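Listed here are the chains, written in short residue letters.
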Amino acid sequence: MSIIASTDTWLEHGFAPISLHALNGKAAMLERLDNKYVVDGSVLRHAAGDLARAFDMLEIEGQRAFTYETCYFDDVERRSYFDHHQGRRQRAKIRIRRDVEAGLCFLEVKLKDKRGITVKKRLDRDPATFGTLDDAALAYVDSVYRAQYGMPFPHALSRVIDMRYRRMTLVAKQGGERMTIDSGLRFFAADAQHTVDEDLFILETKSANGNGVADGILRALHQHPTKRCSKYCVATALLDPATKHNRFLPALRKLGTPSRAAVAPANFQ
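Structure report, in brief. (Residues numbered from 1 in each chain as written. Predicted model: local features only at pLDDT ≥ 70, side-chain atom pairs only at ≥ 80, totals over all residues. Heavy atoms only, no water.)

**What to know about the nonpolar core**
For clarity, the cut-off: Here, nonpolar core refers to any group of buried Ala, Val, Leu, Ile, Met, Phe, Trp, Tyr and Cys residues whose side-chain atoms link them within 4.5 Å. Remark: exposure states derive from per-residue accessible area (1.4 Å probe, protein chains only) relative to the maximum for the residue type, with buried under 20%, exposed over 50%, and partly exposed in between. Runs of H or I in DSSP of at least four residues are treated as helices and runs of E of at least two as strands, each being numbered from the N terminus. Pairs of residues are marked as contacts when any of their non-hydrogen atoms sit within 4.5 Å.
Ranked by size, the top nonpolar core spans 32 residues in total, and within it Ile 161, Met 163, Phe 187 and Tyr 232 carry the most contacts. With 7 residues, the single largest contributor to this core is helix H6 (residues 231–239). In this structure Met 163 touches Tyr 68, Glu 69, Thr 70, Tyr 72, Arg 186, Phe 187, Phe 188, Lys 231, Tyr 232 and Ala 235, once residues within four positions along its chain are discounted.

Now the structure itself:
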């Protein structure tokens, strides 16, 4: 199911296309340093020309903007959330992500290594399993956690937050660097939802040293990384304002104030 109609089709033009196979060959970036930026449309319009000269845009069957649905898992004490809030180096984020148009689905486990570099491990999943962790999925989470930290995964997981958004993906013409552009973000919990302003974008740069070409282009426009801008953590704070969230305030100030609703979407379980 696609989400609300795109208002950012202007961004799709001007970039040369690149296939998924070629993108993965140039920059799979499963181990990388990330920077996240929250910018409005006027900034992105100014950056678009320079970005198009340095990056190609993922295109699959003529389409460049893709609907992503993601569900996050945590324990009853929201240990993953608070580990991020406290800046713990040993932490994990577990999610299932579905690319609606492409019909792809992955279980993803994001970890931090001793250098602070993000390590993402993922397992192909049947899209019909979206929203659930079966024995095979839990075994995979445990195995990658053990491999990274030398101990079993310690928490019982349940589905806590869903989100939907549009994503465009850029890869540097010279390779070795990626950038994602997310818009139309909507966050859901069991009893709440929040819609981010359509003219706000979350940009994530992924490079070997955290100071890539895209970072330079944004810095020239006086844009600086938004600290602690995990979509899962920001969504948690927006959907439940009573949760301690002071370390996420810079991102929350840019993405809006909490907006609660009596019911969640029908597909949230």
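Okay, back to it.
**Points about the packing of helix H2 (residues 41–54) against helix H5 (residues 213–220)**
Stated precisely, the cut-off is as follows: Fitting a line to C-alpha atoms yields each axis, with helices limited to the stretch in contact; the angle taken between N-to-C directions then spans 0 to 180 degrees. Small angles under 35 degrees read as roughly parallel and large ones over 145 as roughly antiparallel, with 65 to 115 read as roughly perpendicular and the rest as oblique. Throughout, a crossing is termed right-handed when the near helix is turned clockwise from the far one, and left-handed when it is turned anticlockwise from it by less than a right angle.
For the pair H2 and H5, interaxial distance at closest approach is 10 Å and the crossing angle is 160 degrees. The pairing of H2 with H5 is recorded here as roughly antiparallel in orientation. Crossing of H2 against H5: the hand is right-handed. Note on element contacts: H5 touches H2 through Val 213, Ala 214 and Ile 217, opposite Ala 47, Asp 50, Leu 51 and Ala 54.

**Side note on unusual backbone geometry**
The phi dihedral of Glu 61 falls on the positive side, at around 50 degrees, and the residue is not glycine. The residue Glu 61 is located in the loop between strand S3 (55–58) and strand S4 (66–74) in this model. Backbone geometry at Arg 78 places phi at a positive 55 degrees, although glycine is not the residue there. Structurally, Arg 78 can be placed in the loop between S4 and helix H3 (79–85).

**Description of helix H4 (residues 135–149)**
The line we're drawing: Expected helix span is given by 1.5 Å per residue-to-residue step, counting one fewer step than there are residues. Any pair of N or O atoms that falls within 3.5 Å is considered a polar contact. Within protein, one atom must be able to donate a hydrogen and the other to accept it, and sequence-neighbouring residues count only if both atoms are side-chain atoms.
If you check H4, its first and last C-alpha atoms are 21 Å apart, about what 15 residues at 1.5 Å a residue would give, namely 21 Å. Three or more residues of H4 are buried, namely Ala 137, Tyr 140, Val 141, Asp 142, Val 144, Tyr 145 and Tyr 149. Buried residues along H4 sit against strand S5 (92–99), strand S6 (104–112) and strand S7 (118–124). Capping the start of H4 is the job of one residue whose side-chain oxygen sits 3.2 Å from the backbone nitrogen of Ala 136: Asp 134. Where H4 ends, the next residue or the one after it, Gly 150, has phi of about 75 degrees, a positive value.

**A short note on the pairing of strand S10 (residues 192–195)**
Cut-off, in case you're wondering: Note on pairing: two strands pair once DSSP finds at least 2 bridges between them.
Side-chain alternation along S10 places Ala 192 and His 194 on a buried face and Gln 193 and Thr 195 on a face that remains uncovered. Strand direction decides the pairing type here: strand S9 (residues 177–189) and S10, joined by 4 bridges, are antiparallel. Residue pairing across strands places Ala 189 opposite Ala 192, the latter belonging to S10. Counting the residues that bridge the hairpin from S9 to S10 gives 2 residues.

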